[in-house]
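Fold and contact review
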4 protein chains.
Amino acid sequence: MAETPPAPRRRDRAATRAALLDAARIRFAAQGFDGTGLREIAAQVGVDPALIARYFGSKRQLYAEAMHVEIPVGVAADPHRPVVSIADALLHDVVYQDWSAFGGEHPLLVMLRSAGHEAVRDQLRIQLCDGYLAEITDRLDGPDPALRAELIGALLIGMGVLRSVIGAPAMSGAPIDRTRVLAARMVDALT
Amino acid sequence: MAETPPAPRRRDRAATRAALLDAARIRFAAQGFDGTGLREIAAQVGVDPALIARYFGSKRQLYAEAMHVEIPVGVAADPHRPVVSIADALLHDVVYQDWSAFGGEHPLLVMLRSAGHEAVRDQLRIQLCDGYLAEITDRLDGPDPALRAELIGALLIGMGVLRSVIGAPAMSGAPIDRTRVLAARMVDALT
Amino acid sequence: MAETPPAPRRRDRAATRAALLDAARIRFAAQGFDGTGLREIAAQVGVDPALIARYFGSKRQLYAEAMHVEIPVGVAADPHRPVVSIADALLHDVVYQDWSAFGGEHPLLVMLRSAGHEAVRDQLRIQLCDGYLAEITDRLDGPDPALRAELIGALLIGMGVLRSVIGAPAMSGAPIDRTRVLAARMVDALT
Amino acid sequence: MAETPPAPRRRDRAATRAALLDAARIRFAAQGFDGTGLREIAAQVGVDPALIARYFGSKRQLYAEAMHVEIPVGVAADPHRPVVSIADALLHDVVYQDWSAFGGEHPLLVMLRSAGHEAVRDQLRIQLCDGYLAEITDRLDGPDPALRAELIGALLIGMGVLRSVIGAPAMSGAPIDRTRVLAARMVDALT
DNA sequence: TATGAATGAGCATTCATTCAT
DNA sequence: TATGAATGAATGCTCATTCAT
């Protein structure tokens, strides 16, 4: 892991910046925005807290940059790919992918934990609606494509919430395949 | 309003306690656990902040008590009521009910905003899984009833998140009936 | 002195407040607004720095309140008192009075040391022009009474600056009577 | 403007040094010693803040050098020039001259704004007493020439303070000639 | 010679809480 | 029982400065 102190990493702006982002992701995921202090992020990297202000401007901007993720290219590749396949890819991406760099969860779920802040909610909306769901909306025929896309997104987010935020027993323990089959059935019901 | 200072509410322990809970619900919902100060809650009721510690022990306990809700009796009444009807009732209860006493949202969604705190996550799990979802699980036949109940819960929670936490455009703007029909279709696909 | 820690002064809001103001005057006079920390003021009184925020709201407000002085009643008493007498009284008040509670200088001169802050300049203008100089203006006949009053004020302030801010040798060392006679001659030249 | 970044001024030590002094004068005058950051001075010139430490040693030394001014040669030229004429020349020099390179004020008045620092007070005393006032003292006959010179200096400084630090209404607004006539009368009363 | 990464001490302010009254 | 004075730790952030490069 890049965020452990062993490597002193002296005088390397890019590496220090990256290490700060890595450390920030872990702490923000575990303790939320308010529960995380800049001092502990800096301490984890082994640098002075003032560097964070220097590199990122403010705690808010550090958070925004740490939580930013690009939509995976594979998902958006084929414009004719069926919706159920897209949804399944997103389900795997959002809920079941290995997000250990973010403390084990997709940044959308991490951000949900700090959704008391309006700026965080804004970022959530942009990354979810303008990113993931736009891909689904584009591929849906029939009435209310945006609404149906959001319902799929709601299922996705809800599954993530139950699995990794709330820790609902069945969803956390059940084999992934069984769950994906059931989720796919729900998505199919919308098309 | 019970929480305005004009009425001194002198020497009425029960009424003061209730007023503190009401005020706490509003502020916690609007600003989250960390964003809300005990001073402002106390000020809204017109009492000294030390009284909160006296009545509730700590901020955390005040939060827990303020966010506690009982599952509506109507939902649990008939053990033979079909799942899709239960789910629709819960959808209405959780997502579309008037929760103005909680600042406009169901406490489950309010708590999700402060899910950075482990105690809040615990309370969420207990209220959602042991409360709402148990009712659904009991009525489901076939394999994996708990998992399917959680998927329904995921859809519910996700809809609430998109509607009132994230503010997704279609779900926030669409007429409620159209949304409920689509959600019912997803639930039906599981049975 | 009320600002020494010996007396614990426990649980006495008014006394603690007054002691904080006393300590603030001394430190602000000696080191200016920016050079003085709230920590040292609080330490001098023997209380926690958080009390300052509680009692005065902010460092700026503490400063404003600490530097506020009322115009001495004796000066404004007789509306027919000649200007040269008023000026002499003010000279004694502003420059030669024992202002040891303010570290040895009139608050107007103390504030001049922190005149880099606009709020301080505003307070200076209000206390000098609307306070002291208005009394002089009212008693001046002939043209430009306000301008002549301000010239008298300029002499006063300038004498204070040379004496206690700059430490000009002659004015600091000369016997007070000789200086007052000369200053009175300058004032007389304006009437 | 010499202090705008467009001109890279690469590898010209003397020009960079001068540009830093120019920028420092403007900022120190506008915001005082404490209110001015080395970063903003360096940024205005377009160089790294570390250069300031390299060229001037410290912020204090940069300030001292930036605020240093020579007494105008015209004033000291004729040893038989009458005092009232010298005083008027100084009044014009100190109070009414265009000091736009210093942000619009004579450095003595600028320094008065940062007189919370002892080093600044020392510099003030040296530049005022040993510079300007020595010229006046030399030309005064009769008793206490140094004291009378300081009283003239007090009037000068006081006028500057009221005009440009405090912003006294009459002195800031009145036509310069009327003010100079009145000031000359006060000076004459001392001879 | 000069850059810019990094420092560490310092700032005012906010908070839930405690304790004497 | 309840008030409110007082606490002390922690917050994000700014600063002049230093030290490798």
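Quantities reported herein were computed from a predicted structural model and do not represent experimental measurements.

Moving on, we come to the protein's contact with DNA strand E. Lining the immediate environment of DNA strand E, one finds 36 residues, of which Arg 11, Arg 13, Asp 48 and Tyr 55 of chain A together with Asp 48 of chain D sit closest. In DNA strand E, the atoms that sit within 4 Å of the protein are 55% sugar and phosphate, with bases accounting for the remainder. Take Asp 12 of chain A: an N or O atom from its main chain is 3.2 Å from a phosphate oxygen of DNA strand E. Contacts to DNA strand E include Arg 39 of chain A, whose side-chain N or O atom sits 3.4 Å from a base oxygen.

Note that Leu 162 of chain B resides in helix 9 (residues 145-166). Here Leu 162 of chain B falls in the buried class, since its relative accessible area comes to 0%. In sequence terms Leu 162 of chain B and Gly 46 of chain B are 116 residues apart; their C-alpha atoms lie 35 Å from each other. Sequence-distant contacts of Leu 162 of chain B, defined by excluding residues within four places in its chain, comprise Leu 128, Leu 133, Glu 150, Gly 153, Ala 154 and Ile 157 of chain A together with Gly 167, Ala 168, Met 171 and Ser 172 of chain B.

Time to look at the interface of chain D and chain C. Listed as interface residues are 44 residues of chain D and, on the opposing side, 45 residues of chain C. When the two sides are added together, the surface that chain D and chain C hide from each other amounts to roughly 3800 Å², 74% of it contributed by carbon and sulfur. The interface formed by chain D and chain C includes 2 salt bridges. The partner of Arg 178 of chain C in a salt bridge is Asp 144 of chain D, and the shortest N-O contact between them spans 2.5 Å. For the interface between chain D and chain C, the tally reads 10 residue pairs in polar contact (both at pLDDT 80 or more). Within the residue set of the side of chain D that touches chain C, elements represented by two or more residues are helix 8 (118-139), helix 9 (145-166), helix 10 (169-173) and helix 11 (176-188) of chain D.

Looking now at the protein's contact with DNA strand F. The environment of DNA strand F is made up of 35 residues, and the closest members are Lys 59 of chain A together with Arg 11, Arg 13, Asp 48 and Tyr 55 of chain C. The sugar-phosphate backbone supplies 55% of the atoms of DNA strand F found within 4 Å of the protein. Separating a phosphate oxygen of DNA strand F from a backbone N or O atom of Leu 38 of chain A is a distance of 3.2 Å. Within the contact set of DNA strand F, a phosphate oxygen lies 2.7 Å away from a side-chain nitrogen or oxygen of Lys 59 of chain A. Mapped onto the surface near DNA strand F, the elements with two or more residues apiece are helix 2 (38-45) and helix 3 (50-56) of chain A, helix 3 (50-56) of chain B, helix 1 (13-31) and helix 3 (50-56) of chain C together with helix 2 (38-45) of chain D. Looking at the surface near DNA strand F, its residues break down into 12 nonpolar, 7 polar and 16 charged.

Here we take up the nonpolar core. By size, the foremost hydrophobic cluster in this structure holds 134 residues, and its most contacted members are Met 159, Val 161 and Leu 162 of chain C together with Met 159, Val 161 and Leu 162 of chain D. Here Leu 162 of chain C is in contact with Gly 167, Ala 168, Met 171 and Ser 172 of chain C together with Leu 128, Leu 133, Glu 150, Gly 153, Ala 154 and Ile 157 of chain D, once residues within four sequence places are set aside.

All names here are of chain B. Take His 106: it is sitting in the loop between helix 6 (83-96) and helix 7 (107-112). Look at His 106 and you get buried, because its relative accessible area is 0%. Looking at His 106, its side chain comes within polar contact range of the side chain of Tyr 132, at 2.9 Å. Not counting residues up to four positions away in its chain, the partners in contact with His 106 are Val 69, Asp 93, Val 94, Trp 99 and Tyr 132.

At the C-alpha level, the nearest point of chain A lies 21 Å from chain C, with no contact between them. For chain B and chain D, which are not in contact, the least C-alpha distance works out to 32 Å.

When chain D is fitted onto chain C, the two copies agree to an RMSD of 0.3 Å after a turn of 179° and an axial shift of 0.0 Å. The transformation relating the two chain copies, once decomposed into turn and shift, fits a two-fold axis. Take the interface residues of chain D: 100% of them recur as interface residues in chain C, which is what a same-surface contact looks like.

The rules behind each value
- Residues numbered from 1 in each chain as written.
- Chains lettered and ligands numbered in written order.
- Predicted model: local features only at pLDDT ≥ 70, side-chain atom pairs only at ≥ 80, totals over all residues.
- Heavy atoms only, no water.
- Near = heavy atom within 4 Å.
- Polar contact = N/O pair within 3.5 Å; in protein donor to acceptor, adjacent residues only side chain to side chain.
- Helix = DSSP H or I, 4+ residues; strand = E, 2+ residues; numbered from the N terminus.
- Buried < 20%, exposed > 50% of the residue type's maximum accessible area, 1.4 Å probe, protein only.
- Contact = heavy atoms within 4.5 Å.
- Buried area = accessible area lost by both parts, 1.4 Å probe.
- Salt bridge = Lys/Arg side-chain N within 4 Å of Asp/Glu carboxyl O.
- Nonpolar A, V, L, I, M, F, W, Y, C, P; charged D, E, K, R; others polar.
- Core = buried A, V, L, I, M, F, W, Y, C linked by side-chain atoms within 4.5 Å.
- Least-squares fit on C-alpha atoms with pLDDT ≥ 70 in both.

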